[in-house]
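Chain by chain, the residues:
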Amino acid sequence: MSNQIRDGPENRDIARMRDEYPSGLHVLLQNESVAYMLDALMDIPGTQFNKSLLAEKAGVSRQSVHTHIPLLENLGIVRTVEGSDPVEYTLDDEDEFVRLLYRLEGLVNSRLDSSVDE
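Remember, it's a predicted structure, so these values are computed and weren't measured experimentally. (Residues numbered from 1 in each chain as written. Predicted model: local features only at pLDDT ≥ 70, side-chain atom pairs only at ≥ 80, totals over all residues. Heavy atoms only, no water.)

### Topic: unusual backbone geometry
Here is step 1: In the segment running from Asp85 into Pro86, the intervening peptide bond is cis, with an omega of 5 degrees.
Here is step 2: Relative to the helices and strands, Pro86 is located in the loop between strand 2 (78–80) and strand 3 (89–91). (Helix = DSSP H or I, 4+ residues; strand = E, 2+ residues; numbered from the N terminus.)

Okay, structure coming up:
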């Protein structure tokens, strides 16, 4: 596909529409901070954390964590630790979404590793 087609007004309109009405993976990955947060969370399973610790581990601002943690809660990726004050969270390892994220990470890593070996 040529750059002229990719950069055409129709494609910009489609991309704008996808940004305005995101669905599926686009919702999850439309913000770079969410991807960094997910990556960090998968490195600290079973750990209780507050927003500041997640921001530190993910390399994002505390404001980004504050903005995006509701999405991760709504998807069941993280849950609030009952009785924690101040509020702490944990990765919900029992959630299907989290199990699928681990499988996806493993699949990506195995395919990247095999392509490096070639």
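### Some points on the nonpolar core
Here is step 1: Ranked by size, the top nonpolar core spans 22 residues in total, and within it Leu41, Phe49, Leu54, Leu72 and Ile77 carry the most contacts.
Here is step 2: For this core, the element with the highest residue contribution is helix 4 (residues 32–43), accounting for six residues.
Here is step 3: Those residues within four positions of Leu72 in sequence are excluded, and the remaining contacts are Leu28, Val34, Met37, Leu38, Leu41, Ile77 and Val78. (Core = buried A, V, L, I, M, F, W, Y, C linked by side-chain atoms within 4.5 Å. Buried < 20%, exposed > 50% of the residue type's maximum accessible area, 1.4 Å probe, protein only. Contact = heavy atoms within 4.5 Å.)

### Some thoughts on the sheet that holds strand 3
Here is step 1: Spatially, 1-3-2 is the arrangement adopted by the three strands of the open sheet, whose pairing is antiparallel. Looking at the sheet topology across the chains shown, the edges are occupied by strand 1 (48–49) and strand 2.
Here is step 2: Where strand 1 meets strand 3, two bridges bridge the pair, whose relative direction is antiparallel. Paired with Gln48 across the strands is Thr90, a residue of strand 3.
Here is step 3: Helix 6 (residues 62–74) contacts strand 1, strand 2 and strand 3 of the sheet and is inclined by roughly 100 degrees relative to strand 2. (Pairing = 2+ DSSP bridges. Axes fitted to C-alpha atoms, helices over the stretch in contact; angles between N-to-C directions.)

### Section: the pattern of salt bridges
Here is step 1: The full count for this structure, using the stated rule, is two salt bridges.
Here is step 2: With a shortest N-O distance of 3.3 Å, Asp13 and Arg16 are connected by a salt bridge. Note that Asp13 and Arg16 are positioned in helix 2 (residues 9–20) at a spacing of three residues, about one turn of the helix.
Here is step 3: Taking the relative accessible area as the measure of exposure, Arg16 reaches 48% and is therefore partly exposed.
Here is step 4: Here Arg79 ties to Asp92 by a salt bridge, and the two come within 4.0 Å at their closest N and O atoms. Of this pair, Arg79 sits in strand 2 while Asp92 sits in the loop between strand 3 and helix 7 (96–117), placing them 13 residues apart in sequence.
Here is step 5: Since its relative accessible area comes to 17%, Asp92 is described here as buried. (Salt bridge = Lys/Arg side-chain N within 4 Å of Asp/Glu carboxyl O.)

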